[in-house]
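Structural overview
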Amino acid sequence: RKEVEQDPGPFNVPEGATVAFNCTYSNSASQSFFWYRQDCRKEPKLLMSVYSSGNEDGRFTAQLNRASQYISLLIRDSKLSDSATYLCVPARGGQNFVFGPGTRLSVLP
Amino acid sequence: DAGVIQSPRHEVTEMGQEVTLRCKPISGHDYLFWYRQTMMRGLELLIYFNNNVPIDDSGMPEDRFSAKMPNASFSTLKIQPSEPRDSAVYFCASTQGAGGASPLHFGNGTRLTVT
C-alpha cells in the first residue's frame, strides 16, 4: 500500500461547480498536513496548510480526520484558473514530507 | 523576497556526461531538499539537509548521484555518469524550523534530458 493515496482523476467540472478531493495516508506518525497545487510544467506551490479543526481560505476548505487518516479539500465556485494537479502532503517527524501522486482537476468553460 | 533559485532551468546532455544542478535556498531556511519528478513515479525525495548536514539520503537512486551543501546558501546535486533514465525534472525546496510544521518552498526546477 502506498503511503499517500489520491484519486488521480481527472476531475472534469464546469465553472462554478463544487468539487472535493480526498486523500488517505498510512503513517499515523504524520504530524502536519498540506495541500499543494502544481500547474503543468511548473513547481508545486503551497495551497494551504490543514489544521486539526479544519480550515477555510476563501473558496477552499480543508478537513483532517486523524482517526481515519484522511484529508479532504473542497473547492467551491470553481474557476478556470483552478485547473491544476492537487497534491496531498502529510509530514512526519523531522522534515519528512511525503507527496501524494496528485489529483488532476480540469475546470471547463 | 527571492524564492528558491535553481540553475540551470534546462539541461540537455549526452549519456555518460557529468551533470551538476545548483540550488540557492531561501535565506534563513535551515532545511534543503532535492526532489525528482517523473510522470511514472511522481515526486520523489532524493535527499535532505539540515544546517548543511545530510540527514536522509535513502532516496538517492545509486552511487552515480551525489549531493553537497558546502554552506547555508548553496547546494549541488551531481550525476556522474548520467543515463537516459535520469531524465526528469529536479526540484530543490527549502523550509525552516523543525517538526514539519512549516511548508516547503520550491524552486522552478531543472528539466534534465539525457540522450
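Before reading further, recall that the structure is shown in the block above.
Read on for an overview of the structure. Quick caveat: nothing in here was measured; it's all calculated off a predicted structure.

Residues and elements named next belong to chain B. Reading across the sheet, the four strands line up as β1-β3-β8-β7 and stay open at both edges, with antiparallel pairing between neighbours. The strands lining the two open edges of the sheet, one partner per strand, are β1 (5–7) and β7 (65–71). If you compare each strand with its neighbour and ignore which way they point, the axes differ by 15° on average. In terms of strand pairing, strand β3 (residues 19–24) meets strand β8 (residues 74–79) through five bridges, oriented antiparallel. Its bridge partner being in β8, L21 is matched across the sheet by L77.

Our focus in this paragraph is the nonpolar core. Ranked by size, the top nonpolar core spans 24 residues in total, and within it F21(A), W35(A), I71(A), L73(A), I75(A), Y86(A) and L105(A) carry the most contacts. Going through the elements one at a time, β3 (19–25), β4 (32–38), β5 (45–50), β7 (60–65), β8 (70–75), β9 (84–92) and β11 (103–108) of chain A are the ones with two or more residues in this core. Residue contributions to this core peak at four residues, all from β3(A). Excluding anything up to four places from it in sequence, I75(A) contacts A17(A), T18(A), V19(A), F21(A), R59(A), F60(A), D82(A), Y86(A) and L105(A). Counting residues in each nonpolar core, the second largest holds 21 residues, with V19(B), I26(B), A67(B) and V114(B) among its members.

Below, the discussion takes up the side chain of N55(A). Residue and element names in this part refer to chain A. Mapped onto the secondary structure, N55 falls in strand β6 (residues 55–57). Of note is the side chain of N55, whose polar atom sits 2.7 Å from the backbone oxygen of S49. Look past the residues within four positions of N55 in its chain and what remains in contact with it is M48, S49, V50, F60, T61 and A62.

The next thing to look at is the interface of chain B and chain A. Facing the 21 residues of chain B at the interface are 16 residues of chain A. In total, chain B and chain A occlude about 1600 Å² of area from one another, counting both sides; carbon and sulfur atoms represent 53% of this. At the boundary of chain B and chain A, one finds zero salt bridges. Remark: the boundary between chain B and chain A carries two residue pairs in polar contact (both at pLDDT 80 or more). Every element with two or more residues in the side of chain B that touches chain A is listed here: β4 (31–38), β5 (42–50) and β9 (88–95) of chain B. Broken down by class, the residue content of the side of chain B that touches chain A amounts to 11 nonpolar, eight polar and two charged.

Let us look at the layout of surface pockets. When its volume is computed, the largest pocket comes out at roughly 1400 Å³. Taken together, the elements giving at least two residues each to the lining of the largest pocket come down to β9, β10 (96–97) and β11 of chain A together with β4, β5, β9 and β11 (110–114) of chain B. For the lining of the largest pocket, the class distribution of residues is 20 nonpolar, 18 polar and 12 charged.

Conventions used here
Residues numbered from 1 in each chain as written. Chains lettered and ligands numbered in written order. Predicted model: local features only at pLDDT ≥ 70, side-chain atom pairs only at ≥ 80, totals over all residues. Heavy atoms only, no water. Pairing = 2+ DSSP bridges. Helix = DSSP H or I, 4+ residues; strand = E, 2+ residues; numbered from the N terminus. Axes fitted to C-alpha atoms, helices over the stretch in contact; angles between N-to-C directions. Core = buried A, V, L, I, M, F, W, Y, C linked by side-chain atoms within 4.5 Å. Buried < 20%, exposed > 50% of the residue type's maximum accessible area, 1.4 Å probe, protein only. Contact = heavy atoms within 4.5 Å. Polar contact = N/O pair within 3.5 Å; in protein donor to acceptor, adjacent residues only side chain to side chain. Buried area = accessible area lost by both parts, 1.4 Å probe. Salt bridge = Lys/Arg side-chain N within 4 Å of Asp/Glu carboxyl O. Nonpolar A, V, L, I, M, F, W, Y, C, P; charged D, E, K, R; others polar. 1 Å grid on protein atoms, 1.4 Å probe; cavity = no way out; pocket = protein on both sides within 12 Å on 5 of 7 lines; lining within 4 Å. Points joined across faces, edges and corners; volume = space filled by probe spheres on them.

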